[in-house]
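If you want the building blocks of each chain, they are given just below.
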Amino acid sequence: MRKLLIPIIAIIAVLAILGTMVMGPYNRLVSLEQDVNKEESNIDTQLQRRLDLIPNLVETVKGYAKHESDVFKSVADARSKLAGATANGTAADKAEANAEMTSALGRLIAISENYPELKADAQFTGLRDELAGTENRIAVARRDYNDKVTEYNKVVKSFPMNLFAGIVGKHEKEYFKADSAAKDAPKVDFNNGDEK
């Protein structure tokens, strides 16, 4: 019986050592992945805040600019797309919807330039300032998310962790990228009413 006990103890000791060696890297991957998920949630929170502000801003502008219905429709469409992407889209879906929303909001804010009494309206000014603050929070949340994705991806892709990560199903995360159209600001020409 004693002869069997020594090999059993040795096997248990080897398994315990291997388990301890695997736990550390696995827990690190899980921790980094949770950091990425938290930062993605922060983006979603700020996008939702922006979605919540937009109807009030649109209604305020509508009161002054009743004939700008195409701009209001584009804001409403972009808001719906962003809401859908925020609810169950990938980072790429959110980035694309966010770019459309930014473009539509740019056109909406441009309308205010034609209505000096709107620019002086306290409700509009407050909403515009809240929206500007939210845009800054979104930018910070995207940067923080991409920083965490970079940290996670470095670990997941470096040797020998890449072998272990593949075994436990941890793969590279996608960055929050702006849509390529977001590089160009929308151009609005009020002389002929067409967007360029």
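Residues numbered from 1 in each chain as written. Predicted model: local features only at pLDDT ≥ 70, side-chain atom pairs only at ≥ 80, totals over all residues. Heavy atoms only, no water.

Per an unreviewed UniProt entry, the protein is named LemA family protein, and its organism is Macrococcus bovicus. Within the UniProt record for the protein, the comment given under Subcellular location (unreviewed entry) is "Membrane". In the Sequence similarities (unreviewed entry) part of its UniProt record, the protein is described as follows: "Belongs to the LemA family." (UniProt positions renumbered as here; feature names shortened; annotations may be inferred.)

Undergrad: What exactly am I supposed to notice about the overall build of the protein here?
TA: Broken down by element type, the protein carries 6 helices and 0 strands. For the protein, long-range pairs separated by at least 24 residues make up 77% of all intrachain contacts whose partners lie at least 6 apart in sequence. Per element, the accessible surface of the protein, about 11,800 Å² overall, is 57% carbon and sulfur. (Helix = DSSP H or I, 4+ residues; strand = E, 2+ residues; numbered from the N terminus. Contact = heavy atoms within 4.5 Å. Areas by Shrake-Rupley, 256 points an atom, 1.4 Å probe, with all protein chains shown as cover.)

Undergrad: Please explain the nonpolar core as it appears in this structure.
TA: Where a protein is soluble and globular, its nonpolar side chains tend to be buried together. Formed by 37 residues in total, the largest nonpolar core has its most connected members in Leu29, Val75, Met101, Leu105, Leu108 and Tyr145. Secondary-structure elements contributing two or more residues to this core are helix H1 (2–64), helix H2 (69–88), helix H3 (91–112), helix H5 (122–157) and helix H6 (161–167). Ranked by residue count, the leading element in this core is H1, at 10 residues. Excluding residues within four positions of it along the chain, Tyr145 makes contact with Val36, Glu39, Glu40, Ile43, Ala91, Glu174, Tyr175 and Phe176. (Core = buried A, V, L, I, M, F, W, Y, C linked by side-chain atoms within 4.5 Å. Buried < 20%, exposed > 50% of the residue type's maximum accessible area, 1.4 Å probe, protein only.)

Undergrad: Looking at this structure, I do not really get a nonpolar patch on the surface. What am I missing?
TA: A cluster of nonpolar side chains, contributed by Ile11, Val14, Leu15, Ile17, Leu18 and Met21, occupies part of the molecular surface with about 600 Å² of accessible area. As for its position among the elements, Leu18 is in helix H1. (Patch = residues over 30% accessible without salt bridge, like charges linked within 9 Å, V, L, I, M, F, W, Y side chains within 5 Å. Salt bridge = Lys/Arg side-chain N within 4 Å of Asp/Glu carboxyl O.)

Undergrad: It is not clear to me how the pattern of salt bridges should be interpreted in this structure. Could you clarify?
TA: Close approach of charged atoms allows side chains of opposite charge to pair. Under the defined criterion, the tally for this structure stands at 12 salt bridges. Bridged by salt links that share partners, the residues Glu33, Lys170 and Lys173 form one connected network.

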